[in-house]
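# Secondary and tertiary structure notes
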Amino acid sequence: MQHNYENSSIDNLIDEFAKEEISFTDVVKNNKTEIKNLINECTQRIVNKNKIFFIGSGTSGRLGMIESSEIYPTFGDSTFIGLIAGGDIAMTQSIEGSEDSMFEGINQLNNEGISSSDLVIGISTSGNTPYTISALNNCKSNKIQTCLISNTSKNKYHINIELGVTKEKILGSTRMLSGTLTKQLLNMVSTIAMIRSGKTYKNYMVNMKPLNKKLIKRSINIISEIANTDHKSAEKFFECSNREIKTAIVMYIKKISYQKAKKLLKENDGFLSRII
């Protein structure tokens, strides 16, 4: 369907672009079993310290790269690795021809030392991007667990999630609704997998890395709130615990040393909720 956007008012354009063909709630409803399977597969790799790869081209690849880069500071975990057609430079520059390569994705995965215990999540809104599909097919033939996130695809893997977008406001511009839904899906999958792996306590980021002043302040506040102590004591235990939030909380509440707190956390697979 054609839309004569250039003759529409700004108000009408805003209203038009606010409409969604499909909502994220619809995506979850239509794919809940597959999403659950993907979360379980991700959780298993996090716990076993294997690798999980996001692989895609263009917007799809950038979304995977963003997701993987944000997980470490948030959850202190480096399981997720993002790969994009054209390499890292494709994050800031359009290298459209790279998506047609049948070998680049395979080579990138091999360079990362992929093993049979890993998981590869391909992101391709069209469902047939050569870079992504050839990498998934190679993994599948080598009995490596695979997942494809697309709008629709004839290619089938161990896990298949279909967003169901049939048309974008600007035809073919998959950075729009398809990109938005993909971002929401990746956020959901990675976050729930981290929750299931003991990287959170209630809804606190107790495994985050305090890499700047903002995160240091947030870490101390988290310790103070969970341990129900004053800011000064929280800061003291934050420093005594090598700036590890969970360790600091266990040290304070259990009144034990750093080494004993670390041992207790290890015995409980890092789950703070099993200790306090």
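Scroll up a little and you will see the structure.
First things first, this report covers the structure right here in the doc. Remember, predicted model here, so these are calculated numbers, not experimental data. (Residues numbered from 1 in each chain as written. Predicted model: local features only at pLDDT ≥ 70, side-chain atom pairs only at ≥ 80, totals over all residues. Heavy atoms only, no water.)

Here we come to the overall build of the protein. Helices and strands together make up the secondary structure of the protein, namely ten helices and five strands. In terms of principal-axis extent, the alpha carbons of the protein reach across some 65 × 50 × 35 Å. When the 276 residues of the protein are sorted by exposure, 46% land in the buried category. Of the contacts formed within the protein by residues at least 6 apart in sequence, a portion of 60% connects residues at least 24 apart. Total accessible area on the protein stands at roughly 14,600 Å², and carbon and sulfur atoms take up 49% of it. The average position of the 35 basic charges and that of the 28 acidic charges among the side chains of the protein differ by 11 Å. (Helix = DSSP H or I, 4+ residues; strand = E, 2+ residues; numbered from the N terminus. Buried < 20%, exposed > 50% of the residue type's maximum accessible area, 1.4 Å probe, protein only. Contact = heavy atoms within 4.5 Å. Areas by Shrake-Rupley, 256 points an atom, 1.4 Å probe, with all protein chains shown as cover. Lys, Arg positive; Asp, Glu negative; His and termini not counted. Charge placed at Lys NZ, Arg CZ, Asp CG, Glu CD.)

Time to look at the packing of aromatic side chains. Applying the stated rule across the entire model yields three aromatic pairs. Measuring from centroid to centroid gives 5.2 Å for Phe 237 and Tyr 252, while their planes differ by 85°, and the two rings are edge-to-face. Taken together, the residues span a long stretch of sequence, with Phe 237 in helix α8 (residues 231–240) and Tyr 252 in helix α9 (residues 245–254) at a distance of 15 residues. Note on Tyr 252: relative accessible area 25%, which makes it partly exposed. For Lys 255, the ring lying beneath its charged end belongs to Tyr 252, and the centroid distance is 6.0 Å. Taking NZ or CZ as reference, Arg 274 lies 4.0 Å from the ring centre of Phe 271, over its face. (Phe/Tyr/Trp six-rings, centres within 6.5 Å; stacked < 30°, edge-to-face > 60°. Lys NZ or Arg CZ within 6 Å of the ring centre and 35° of its normal.)

The next thing to look at is the pattern of salt bridges. Taken as a whole and assessed by the stated rule, the structure comprises twelve salt bridges. Lys 51 is paired through a salt bridge with Asp 118; the nearest N and O atoms lie 3.7 Å apart. Of this pair, Lys 51 sits in the loop between α2 (24–48) and β1 (52–56) while Asp 118 is found in the loop between α4 (104–111) and β3 (119–123), placing the two residues 67 residues apart along the sequence. When its relative accessible area of 1% is taken as the criterion, Asp 118 is described as buried. In this structure, the salt-bridge partner of Asp 77 is Lys 199, at a minimum N-O distance of 3.6 Å. (Salt bridge = Lys/Arg side-chain N within 4 Å of Asp/Glu carboxyl O.)

Their axes nearest at 10 Å, the elements helix α7 (residues 213–227) and α9 cross at an angle of 35°. Handedness of the crossing formed by α7 with α9: right-handed. When α7 is examined against α9, the residues Ser 219, Ile 222, Ile 223, Ile 226 and Ala 227 are found in contact with a partner set consisting of Ile 245, Ala 248, Ile 249, Tyr 252 and Ile 253. (Axes fitted to C-alpha atoms, helices over the stretch in contact; angles between N-to-C directions. Left-handed = near helix turned anticlockwise from the far one by under 90°.)

Before going further, it helps to examine the packing of α8 against α9. Helix-helix packing: each pair is described by the crossing angle between the helix axes and the interaxial distance. Between α8 and α9, the shortest axis-to-axis distance is 8 Å and the interhelical angle comes to 120°. Taken together, the axes of α8 and α9 are oblique relative to one another. Seen from above, α8 lies across α9 with right-handed handedness. Contact with α8, carried on its side by Ser 233, Phe 237, Phe 238 and Cys 240, involves Ala 248, Met 251 and Tyr 252 of α9 and no other residues of that element. Across the contact of α8 with α9, the residue classes tally to six nonpolar, one polar and no charged. (Parallel < 35°, antiparallel > 145°, perpendicular 65-115°, else oblique. Nonpolar A, V, L, I, M, F, W, Y, C, P; charged D, E, K, R; others polar.)

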